[in-house]
Amino acid sequence: MMIWKWQSVITVCAVFVALFFVATEADARRGADNKRGGSDKSVSRSGPASKGSLGGEKSARSNRQDNKADARDDRNDRRDDVRDDRNDRHDDRRDYRDDVRDDRQDYYDDRQRRRIGVALTRSAWRSLSCKSSKVIVGGVTYYRCGNDWYTQAYKGGSVTYIVVVTPAGH
Amino acid sequence: MRVLRIILLLLIVALLSVPTTVIAAGQSAEQSEGQVEEQALEVLTRSTNYLANLKQFHVSAEFGFDVLQKSGQMIEFGAHQEITVQRPNHFRVDFTNRDGEFGSVIYDGEEVILSNPEDAVYAKAPFKGEVDDALGFISKELQRPIPLQDFFASNLGALLMAKIESGLYVEESTVGGVLCDHVAMRNDNVDFQLWVAQGDKPLPRRIIITYKNEEERPQFRAQFLKWELSPKIAKENFSFIVPEKTVRIPFAELDVLEGGQP
């Protein structure tokens, strides 16, 4: 009777252990499948540790603390300035309203374009949906992609594609 | 029965001694906190002085660093670097990132040249100065700090010693088959561990930097694989011969881009 009881305890334990391994195996497989699915496009590739700097620079966090103190001082100065500016603004508002009317038409023409000066990393460039064409204008190599014109340049030490204004005559 | 009583007694003695051991260990850790051990400082000084006085060297290094993702997961990236320095004003760094991107950063005393053969591009900017100045220019003006550049700057000692809050000589430790002194230092920005070869050539063999003020405390880890202190350096090592079909592109930080922006 006692032996039978022990046998059932061992059997129950074995079932639990088996279930645990099956679950772990399934998890591992899911992980492997994710990997096969290709790299996530949104993976960040650099951060505070990527430079390997030995502490010559202040961390972003401590900079944030300094910024907070500066912001407090600035706020007091700003309060004084605001009072003076209020009157000027009243006059400016009228002029601005006229300008906005003119700008709206220009914006409508350009809104399909990316902002000038935006830099695309190599991987972002490769993932663009359009098929780019290489155009040489006045000895300068441009890349045209839809309505946008790009030029290659080093930015932050990496090769990037930077949105530039459309070259003359195009 | 007697045996059982002895076992029970031993068990009680063992249980009573555990908290005492833990407290003792805690006390010794507290004692070392905030102190800079003479031996640790000596290892650091010896190594940094030795490095700063090397007229030329070549070193290959493998490094990795943590990048915290939005998901909260830490992912490691890294690269292999071949560094050649000839003081006062020449260096070359060839890198191969783990993702396959490769290229070089060259300073020939007159110009700084960055090249990426995969994209068939290079860029150059005039600069005159010594190694430290050029590293500063590349890091600040071109926004391209070179990993491990602190190790070939002559102010490494000052950089490491600045604001050190505590220093610990951990132990003798073997890295890559070389017997080293292992030290652990802390300043207000980073904690770092350094393994320095014992003997008459106190060269760093490994470093781990922990950015303790950053979220999730990411680390930078590097292993110096091979040091050559009398490398054969040809003049061409520091010059860039433009390969066929390779074009020069500007630095966005320095040049006005054609097309007018930025």
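These numbers come from a predicted model, not from an experiment.

## Some remarks on the interface of chain A and chain B
A common way to express how large an interface is: the accessible area buried when the components associate.
Working step 1: If you look at the interface, chain A gives 38 residues, while chain B gives 51 residues.
Working step 2: Taking the shortest distance from any N to any O, the salt bridge between D119(B) and R122(A) comes out at 2.9 Å.
Working step 3: Put simply, chain A and chain B have 11 residue pairs in polar contact (both at pLDDT 80 or more) between them.
Working step 4: Put simply, the parts of the chain that give the side of chain A that touches chain B at least two residues each are α2 (60–110), α3 (122–126), β3 (140–145), β4 (148–155) and β5 (158–164) of chain A.
Working step 5: The dominant element in the side of chain A that touches chain B, judged by the number of residues it contributes, is β4(A), at 5 residues.

## Structural notes on the sheet that holds β3(A)
All names here are of chain A.
Working step 1: Strand order in this open sheet of 5 strands is β1-β5-β4-β3-β2, and the pairing throughout is antiparallel. Each having just a single partner strand, β1 (119–120) and β2 (133–137) make up the two edges of the open sheet.
Working step 2: Two strands pair when backbone bridges link them, and β3 and β4 are joined in this way by 3 bridges, in the antiparallel orientation. Counted as the bridge partner of R144 is W149 from β4.

## Thoughts on the pairing of strand β8 (residues 178–186) of chain B
Residues and elements named next belong to chain B.
Working step 1: When strand β7 (residues 166–175) meets β8, the two strands line up antiparallel, connected through 9 bridges. For E172, the partnering residue across the bridge sits in β8 and is D181.
Working step 2: Joining the antiparallel neighbours β7 and β8 is a turn of 2 residues, in which G176 adopts a positive phi near 55°.
Working step 3: Bridging between β8 and strand β9 (residues 191–197) involves 7 bridges; their strand directions are antiparallel. Residue pairing in the sheet places A184 in a bridge with Q193 of β9.
Working step 4: If you look at the hairpin formed by β8 and β9, you'll find 4 residues sitting between the two strands.

## Quick notes on empty space enclosed by the protein
All names here are of chain B.
Working step 1: On inspection of all chains with the given rule, the structure shows 1 cavity of 30 Å³ or more.
Working step 2: By volume, the largest cavity amounts to about 40 Å³.
Working step 3: In terms of lining, the largest cavity is formed by F57, V59, I83, L148, F151, F152, F224 and W227.
Working step 4: Elements supplying a minimum of two residues to the lining of the largest cavity: β1 (56–68) and β11 (219–228).
Working step 5: Residues that form the lining of the largest cavity fall into these classes: 8 nonpolar, no polar and no charged.

## Some details on helix α2 (residues 38–52) of chain B
Working step 1: With 15 residues, α2(B) extends 21 Å between its outermost C-alpha atoms, agreeing within 8% with the 21 Å of an ideal straight helix rising 1.5 Å per residue.
Working step 2: Of the surrounding secondary structure, the elements contacted by the buried residues of α2(B) are α4 (156–161), β7, β8, β9, β10 (204–210) and β11 of chain B.

## With respect to the side chain of D181(B)
Residue and element names in this part refer to chain B.
Working step 1: Along the chain, D181 turns up in strand β8.
Working step 2: The exposure class assigned to D181 is buried, which follows from its relative accessible area of 6%.
Working step 3: For D181, the side chain forms a polar contact with the side chain of R46, separated by 3.4 Å.
Working step 4: Sequence-distant contacts of D181, defined by excluding residues within four places in its chain, comprise V43, R46, Y169, E171, E172, L194, W195, V196 and Q198.

## Side note on the confidence of the model for chain A
Working step 1: Per-residue pLDDT for chain A has a mean of 67; in total, 43% of the residues score no lower than 70.
Working step 2: Long-range and interchain partners of residues 22–40 of chain A, a stretch whose pLDDT sits below 50, account for 0 contacts in this model, where long-range means more than four residues apart.

## Details of the pairing of β5(A)
Residue and element names in this part refer to chain A.
Working step 1: Of all 7 residues in β5, 6 are buried, a share of seventy percent or more.
Working step 2: Bridging between β1 and β5 involves 2 bridges; their strand directions are antiparallel. For L120, the partnering residue across the bridge sits in β5 and is Y161.
Working step 3: Of the pairings in the sheet, the one linking β4 to β5 comprises 7 bridges and is antiparallel in character.

Scoring rules and cut-offs
Residues numbered from 1 in each chain as written. Chains lettered and ligands numbered in written order. Predicted model: local features only at pLDDT ≥ 70, side-chain atom pairs only at ≥ 80, totals over all residues. Heavy atoms only, no water. Contact = heavy atoms within 4.5 Å. Salt bridge = Lys/Arg side-chain N within 4 Å of Asp/Glu carboxyl O. Polar contact = N/O pair within 3.5 Å; in protein donor to acceptor, adjacent residues only side chain to side chain. Helix = DSSP H or I, 4+ residues; strand = E, 2+ residues; numbered from the N terminus. Pairing = 2+ DSSP bridges. 1 Å grid on protein atoms, 1.4 Å probe; cavity = no way out; pocket = protein on both sides within 12 Å on 5 of 7 lines; lining within 4 Å. Points joined across faces, edges and corners; volume = space filled by probe spheres on them. Nonpolar A, V, L, I, M, F, W, Y, C, P; charged D, E, K, R; others polar. Expected span 1.5 Å × (residues − 1). Buried < 20%, exposed > 50% of the residue type's maximum accessible area, 1.4 Å probe, protein only. pLDDT = per-residue confidence, 0-100.

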